[in-house]
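An overview of the molecular structure
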Amino acid sequence: VAEMGKFSGVGLFQSDIVQIVIAIGAIGLAIADRLKFARSPGIEQTIWDEPPFGALERDLVKFGYVVPDFAYVIPAIILALANLIVGIVAFKSGVEPEVGKWMAFAGLSALVGNALPGNINTFTGNLGEAGMQFCLLEAARIVYGGM
């Protein structure tokens, strides 16, 4: 996100020191998140007992946290919001508006896909994450020249 913001002319990301601080912060957040998970009771397979027998969701293998904690989703929320904010600022800067469009859509895709309630979230959450990855891939193709 920071590299794409730098490429798109987002002022905050033009400094190499800011890029390094963001990378260190992301690593720290990832380590803290995994340590919290490692100290938790873990995950368990979710049993589909509510949907009808022929329902599509019965074909999915789904796992959930034994003890759900909002802290587990904080990194995903930060990533989605960072994509959305950097995308909007990059679009408005006018340097590389195409990258800004893809990043903003990536953030929106992840936020909306994961925000829908109930059992439908199984599908929309995965679709939102896939949409985010596709948008980031398209933005990266622009930044790195179609690699």
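Everything in this summary refers to the structure shown in the same document. (Residues numbered from 1 in each chain as written. Predicted model: local features only at pLDDT ≥ 70, side-chain atom pairs only at ≥ 80, totals over all residues. Heavy atoms only, no water.)

Let's talk about the pattern of salt bridges
Counted by the stated rule, this structure contains 5 salt bridges. For Arg34, the salt bridge is made with Asp33, and the minimal N-O distance between the two is 2.8 Å. Judged by relative accessible area, Asp33 falls into the buried class, the value being 13%. Among the ionic pairs, Glu98 bridges to Lys101, the shortest N-O distance being 3.8 Å. One end of the pair is Glu98 and the other is Lys101, both in helix H4 (residues 97-115) and 3 residues apart, which spans about a single turn. (Salt bridge = Lys/Arg side-chain N within 4 Å of Asp/Glu carboxyl O. Buried < 20%, exposed > 50% of the residue type's maximum accessible area, 1.4 Å probe, protein only. Helix = DSSP H or I, 4+ residues; strand = E, 2+ residues; numbered from the N terminus.)

Section: the packing of helix H3 (residues 74-93) against H4
The relative placement of two packed helices is expressed as an angle between their axes plus a distance between the axes. In the contact formed by H3 and H4, the axes pass within 7 Å of each other and the chain directions differ by 150°. It follows that H3 is roughly antiparallel to H4 by the angle criterion. Crossing of H3 over H4 shows left-handed handedness. Residue-level inspection shows Ala80, Leu81, Asn83, Leu84, Val86, Gly87, Ile88, Ala90 and Phe91 of H3 in contact with H4, the latter providing Pro97, Gly100, Lys101, Met103, Ala104, Ala106, Gly107, Leu108, Ala110 and Leu111. For the contact of H3 with H4, a count of residues per class yields 14 nonpolar, 4 polar and 1 charged. (Axes fitted to C-alpha atoms, helices over the stretch in contact; angles between N-to-C directions. Parallel < 35°, antiparallel > 145°, perpendicular 65-115°, else oblique. Left-handed = near helix turned anticlockwise from the far one by under 90°. Contact = heavy atoms within 4.5 Å. Nonpolar A, V, L, I, M, F, W, Y, C, P; charged D, E, K, R; others polar.)

Observations concerning the layout of surface pockets
Taken as a whole, the largest pocket holds about 1,400 Å³ of empty space. Around the largest pocket, the lining comprises 41 residues; the ones closest to its centre are Tyr72, Val73, Ala76, Ile77 and Glu129. When contributions to the lining of the largest pocket are tallied by element, the ones reaching two or more residues are helix H2 (16-38), strand E2 (63-65), H3, H4 and helix H5 (121-143). Among the elements that make up the lining of the largest pocket, the one with the highest residue count is H3 (8 residues). Partitioning the lining of the largest pocket into residue classes produces 28 nonpolar, 8 polar and 5 charged. (1 Å grid on protein atoms, 1.4 Å probe; cavity = no way out; pocket = protein on both sides within 12 Å on 5 of 7 lines; lining within 4 Å. Points joined across faces, edges and corners; volume = space filled by probe spheres on them.)

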